[in-house]
Amino acid sequence: MKRPSIKDIATLAGVSVATVSYVLNKKEGQRISEETRKKIFEIAETINYTPNKIAKSLKTNTTKLLGLIVADISNEFYSHMARHLEDKALKLGYTLIIGSSDENAEKFKKLTELFSQQQVDGMIVAPVAGSENTLENLINSKYPIVTIDRYLKEVNIAGITINNQEIAESTTNLLIKKNFHKIIYIGYKTELPHLLDRQYGFEKAIKSSNQPVEVQYLLVGLENIAQEVHLELENMIGKEPENTALYFSSNKLAVAGLSYIVKNNIKVPEQVSVVAFDETDAYDLFPTEITYIQQPIEEMAEEAIKLLDGQINTYTATAKRVTLSAKLVAKASLK
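Residues numbered from 1 in each chain as written. Predicted model: local features only at pLDDT ≥ 70, side-chain atom pairs only at ≥ 80, totals over all residues. Heavy atoms only, no water.

An unreviewed UniProt entry lists the protein chain under the name Transcriptional regulator, with Chryseobacterium contaminans as the source organism.

Printed below as a string of structure tokens:
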């Protein structure tokens, strides 16, 4: 069946194709009566006319499509981020296409290639370890691109991040003041700068303190997280810990740690206090409200879309970095 066209509407309305185009694209400055406008819209609706986006993109050299690559769409942080980005993009007339790299550099590269083939106007990405060359190629081709949540030190690129080191340092200082016998930092074996910034902030606070506190590190890989966390916590705190603080550098690590706590009937905060980076609905299943560091996800999304839209409209090689502030949300899990 033939797709209804602007020419079909013009024939049925008894007006020129140009007139129909002006009306449907809501252009101003043309002396077209309200009666004619109404007639054109009614005919368009009757024959189920939809704009030919491919033809329009060829004419304007834009598709009004944006690509989003997150590290792990199953992580609530990224799913919430995607929703806010989608809402912000829609307000500017863009449609968002989403892909998940699963922390894999090759998959990240293939997604950027796929989005390029789809002729997206620009991309918002959470880069993974080893994706430096992929990003450099996009920059060299003057492709509008903005990073979010993460950055890579070797790549000079516009992006949105938070004050990871600063908030980690202030949170650790709070733990130190509470006179725990032991503080355990649970993080990742990683080269990603934003995660290392969280560890550096923790280490800076510890080194600056004169408090006599035992500090331990529990660092795991990106696979078998729950299994590794359970095994290491069993070695570090056992089943009867006393006056201990667990500082999780991500919500995924926190969920793994909380499952160990539940399994061994460890009391929070009587035996261990818990602080986690990022929130998740999974915390609601735990009997004690979890203290967490809250990232300004909606503000991050708004700034990212604004930055990318600016790159699309007027490309510049200047790599503008926007750093936003996270905050600690104190709950009952911290004594």
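Here the narrative resumes.
Further remarks concern empty space enclosed by the protein. Considering all chains together, one arrives at two cavities of 30 Å³ or more under this definition. Size it by volume and the largest cavity reaches roughly 80 Å³. What lines the largest cavity is simply Ile-139, Tyr-143, Ile-145, Asn-156, Ile-157, Ala-158, Gln-311, Tyr-315, Thr-316, Ala-317, Thr-318 and Ala-319. By volume, the second largest cavity amounts to about 40 Å³. Lining the second largest cavity we find Glu-76, Phe-77, His-80, Asp-278, Glu-279, Ile-293, Gln-294, Gln-295 and Ile-297. Contributing elements (two or more residues each) for the lining of the second largest cavity: helix 5 (76-91) and strand 10 (291-294). The element that contributes the greatest number of residues to the lining of the second largest cavity is helix 5, accounting for three residues. Residue composition of the lining of the second largest cavity, by class: three nonpolar, three polar and three charged. (1 Å grid on protein atoms, 1.4 Å probe; cavity = no way out; pocket = protein on both sides within 12 Å on 5 of 7 lines; lining within 4 Å. Points joined across faces, edges and corners; volume = space filled by probe spheres on them. Helix = DSSP H or I, 4+ residues; strand = E, 2+ residues; numbered from the N terminus. Nonpolar A, V, L, I, M, F, W, Y, C, P; charged D, E, K, R; others polar.)

The next point concerns helix 3 (residues 34-46). For helix 3, which comprises 13 residues, the first-to-last C-alpha distance of 18 Å matches the rise-based estimate of 18 Å (1.5 Å per residue) to within 8%. Buried residues of helix 3: Arg-37, Ile-40, Ile-43 and Ala-44, and no others. The arc that holds every buried residue of helix 3, seen down its axis, measures 130°, which confines them to one face. Those residues of helix 3 that are exposed and aimed more than 90 degrees away from the buried face are Glu-34, Glu-35, Lys-38, Glu-45 and Thr-46. The inward-facing, buried residues of helix 3 abut helix 1 (6-13) and helix 2 (17-24). In the segment just after helix 3, Asn-48 is the residue with positive phi, at about 60°. (Expected span 1.5 Å × (residues − 1). Buried < 20%, exposed > 50% of the residue type's maximum accessible area, 1.4 Å probe, protein only. Arc of directions from axis to C-beta. Contact = heavy atoms within 4.5 Å.)

Our next topic: the packing of aromatic side chains. Applying the stated criterion across every chain, the model contains six aromatic pairs. Ring centres of Tyr-185 and Tyr-217 lie 6.0 Å apart, and the angle between their planes is 55°; on these two criteria the pair is classed as tilted. Residue Tyr-185 is located in strand 6 (residues 182-188), and its partner Tyr-217 is located in strand 7 (residues 214-220); the two are separated by 32 residues in the primary sequence. Exposure remark for Tyr-185: the relative accessible area of 1% places this residue in the buried category. The partly exposed category is assigned to Tyr-217, whose relative accessible area is 34%. Relative to Tyr-217, the ring of Phe-202 has its centre 5.7 Å away and its plane inclined at 85°; by these criteria the two rings are edge-to-face. You can see Phe-202 sitting in helix 9 (residues 193-208) and its partner Tyr-217 sitting in strand 7, a full 15 residues away along the chain. One aromatic cluster is present, formed by Tyr-185, Phe-202, Tyr-217 and Tyr-247 through successive ring pairs. Over the face of the ring belonging to Tyr-94 we find Lys-64, whose NZ or CZ atom lies 3.9 Å from the ring centre. Residue placement shows Arg-198 over the ring face of Phe-277; its charged tip is 3.7 Å from the ring centre. (Phe/Tyr/Trp six-rings, centres within 6.5 Å; stacked < 30°, edge-to-face > 60°. Lys NZ or Arg CZ within 6 Å of the ring centre and 35° of its normal.)

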